[in-house]
Amino acid sequence: MRRILLHLGLHKTGMTAVQSFLHENRELIWPRFALVLPYKTRKSGLSEVATRHSIYRLDATLAGFGGQVQTFLDGLDFGERRGLILSEENFLGLRPSRNREEGYGAAPEMAETLVSVLRRRFLGDEVDITVYLSLRQREAWLRSLWAHDLHQTRIVQDLDGFCSDLAHLPTLQETADTIRDRLPTITVQTAFLEQVQNHPLGAGAPFANFLDLPPEKAALLRGPARVSPSFSDEVLQEMLSLNRSSLDEAALITQKKALIQTAQTELARQT
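Notes on the structure follow. (Residues numbered from 1 in each chain as written. Predicted model: local features only at pLDDT ≥ 70, side-chain atom pairs only at ≥ 80, totals over all residues. Heavy atoms only, no water.)

Points about the overall build of the protein chain
Thinking step 1. Helix and strand content of the protein chain: 14 helices and five strands.
Thinking step 2. The C-alpha radius of gyration of the protein chain comes to 19 Å, within 12% of the 18 Å expected for a compact globule of 271 residues.
Thinking step 3. Seen along its three principal axes, the alpha-carbon backbone of the protein chain occupies a region of about 60 × 45 × 30 Å.
Thinking step 4. Summing over all exposed atoms, the protein chain offers an accessible surface of approximately 13,700 Å²; the carbon and sulfur share of this is 49%.
Thinking step 5. Distance from the positive charge centre (31 side chains) to the negative charge centre (33 side chains) of the protein chain: 5 Å. (Helix = DSSP H or I, 4+ residues; strand = E, 2+ residues; numbered from the N terminus. Rg over C-alpha atoms; globule rule 2.2 N^0.38 Å. Areas by Shrake-Rupley, 256 points an atom, 1.4 Å probe, with all protein chains shown as cover. Lys, Arg positive; Asp, Glu negative; His and termini not counted. Charge placed at Lys NZ, Arg CZ, Asp CG, Glu CD.)

Here's what the structure looks like:
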């Protein structure tokens, strides 16, 4: 039986740590599973075509997503029994703060399309597909989205205004439930970041369980080497002030880099 695990996000729920865990342990994973991480999906254009559909929601954009996934999968070597582990948050659409009206509205149809393509790819084989969705408590999730956008863009909203603009979006649990309802014959598993972040393997813990390695190999698994930093309220307020300033873009980027470097140095001293 081929075992497939689709980790489809959601954004800002420990994705960096998960993908770091999978990359760090790739030598243990590859003999049993093809491993697909964002550097492959984004290089091939799959991430872009997925996010495009989440904006336009057309039959043509959904078919384009499915077609490019099919082409990508056809290029992978699965041998006779090899499974698949894929981790890519953009396969459920754009980050909701960049698509505020739709949020994850396209997620169920995109997940269904991905599963359908995989079933066609392995037609005639016995396949067990699991969709795994990492979640986060709403307040912490919204703050993380805001912090990300403060860093990456020039938004000038404070946290309260940002949260107010996204208040209409379903919770991540509700999004997961909608995907589960759309895929009644597929196992859809969830775990909150708050439940796994203190595990020795961190956000990689659910993947360690899925791998089901022999004890001697499981003991070799390493926790993620990279996690997204969590900045203090003071640092985020300074970043907001920079965004609201009259600095030109080049100067703004320079100031942000300096601020983040100082914050990271301080965090390193405290650990």
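With respect to the sheet that holds strand 2 (residues 33-36)
Thinking step 1. One open sheet holds the five strands; their spatial order is 2-3-1-4-5, and the pairing between them is parallel. Two strands close off the open sheet at either side, each with one partner strand: strand 2 and strand 5 (187-192). With strand direction ignored, the average angle separating the axes of adjacent strands in the sheet is 15°.
Thinking step 2. This element, helix 6 (residues 107-121), spans strand 1 (2-7), strand 3 (83-87) and strand 4 (127-135) of the sheet and lies at about 160° to strand 1. (Pairing = 2+ DSSP bridges. Axes fitted to C-alpha atoms, helices over the stretch in contact; angles between N-to-C directions. Contact = heavy atoms within 4.5 Å.)

Quick notes on the packing of helix 6 against helix 9 (residues 172-182)
Thinking step 1. Axis separation between helix 6 and helix 9 bottoms out at 9 Å; the angle between their running directions is 40°. What the angle tells us is that helix 6 and helix 9 run oblique. Between helix 6 and helix 9 the crossing geometry is right-handed. Between helix 6 and helix 9, the residues in contact are Ala107, Pro108, Glu109, Ala111 and Glu112 and Thr178, Ile179 and Arg182, respectively.
Thinking step 2. By residue class, the composition of the contact of helix 6 with helix 9 is four nonpolar, one polar and three charged. (Parallel < 35°, antiparallel > 145°, perpendicular 65-115°, else oblique. Left-handed = near helix turned anticlockwise from the far one by under 90°. Nonpolar A, V, L, I, M, F, W, Y, C, P; charged D, E, K, R; others polar.)

Some details on the pattern of salt bridges
Thinking step 1. In this structure the tally under the stated criterion is 14 salt bridges.
Thinking step 2. As a salt-bridge pair, Arg222 and Glu24 come within 3.6 Å of each other at their nearest N and O atoms. Here Glu24 lies in helix 1 (residues 15-24) and Arg222 lies in the loop between helix 12 (215-218) and helix 13 (233-244), a separation of 198 residues in the sequence.
Thinking step 3. In this structure Arg222 comes out as partly exposed when scored by relative accessible area, which is 47%. (Salt bridge = Lys/Arg side-chain N within 4 Å of Asp/Glu carboxyl O. Buried < 20%, exposed > 50% of the residue type's maximum accessible area, 1.4 Å probe, protein only.)

A word on the pairing of strand 2
Thinking step 1. The side-chain alternation of strand 2 yields two buried faces, one formed by Phe33 and Leu35 and the other by Ala34 and Val36.
Thinking step 2. Here strand 2 runs beside strand 3; their pairing, made up of four bridges, is parallel. Paired with Val36 across the strands is Leu86, a residue of strand 3.

Let's talk about the packing of aromatic side chains
Thinking step 1. For the structure shown, the criterion picks out four aromatic pairs.
Thinking step 2. Between Phe33 and Phe210 the ring centres are 5.5 Å apart and the planes differ by 45°, which places this aromatic pair in the tilted class. Of this pair, Phe33 sits in strand 2 while Phe210 sits in helix 11 (residues 205-211), and the two are 177 residues apart along the sequence. For the pair formed by Phe33 and Phe210, the shared burial category is buried. (Phe/Tyr/Trp six-rings, centres within 6.5 Å; stacked < 30°, edge-to-face > 60°.)

So, the nonpolar core
Thinking step 1. Counting 60 residues, the largest nonpolar core has Leu6, Leu8, Leu73, Leu84, Leu92, Leu118 and Leu133 as the members making the most contacts within it.
Thinking step 2. The greatest single-element share of this core, amounting to seven residues, is contributed by helix 6.
Thinking step 3. Among the nonpolar cores identified, the runner-up in size contains 22 residues, and Leu35, Tyr132, Phe207 and Ala208 belong to it. (Core = buried A, V, L, I, M, F, W, Y, C linked by side-chain atoms within 4.5 Å.)

Quick look at helix 6
Note that an α-helix has 3.6 residues per turn; residues three or four places apart therefore point the same way.
Thinking step 1. Between its terminal C-alpha atoms helix 6 stretches 21 Å, which fits the 21 Å expected from 15 residues at 1.5 Å a residue.
Thinking step 2. By the burial criterion, the buried members of helix 6 are Ala107, Pro108, Glu109, Met110, Ala111, Thr113, Leu114, Val115, Val117 and Leu118. (Expected span 1.5 Å × (residues − 1).)

Here's the deal with helix 1
Thinking step 1. By the criterion of burial, helix 1 is predominantly enclosed, with seven of the ten residues buried.
Thinking step 2. Every buried residue of helix 1 is listed here: Met15, Ala17, Val18, Gln19, Ser20, Phe21 and Leu22.

Observations regarding a nonpolar patch on the surface
Thinking step 1. Taken together, the side chains of Ile55, Tyr56 and Leu58 present a nonpolar region at the surface, about 310 Å² in accessible area.
Thinking step 2. Summarising the element assignment, Tyr56 is placed in helix 4 (residues 46-56). (Patch = residues over 30% accessible without salt bridge, like charges linked within 9 Å, V, L, I, M, F, W, Y side chains within 5 Å.)

Considerations on the environment of Phe162
Thinking step 1. When you line up the elements, Phe162 lands in helix 8 (residues 159-165).
Thinking step 2. For Phe162, a relative accessible area of 0% gives the class buried.
Thinking step 3. Separated by 95 residues in sequence, Phe162 and Lys257 have C-alpha atoms that sit 23 Å apart.
Thinking step 4. Residues in contact with Phe162, not counting those within four places in the same chain, are Ser97, Arg100, Leu142, Leu145, Trp146, Asp149, Ile155 and Gln157.

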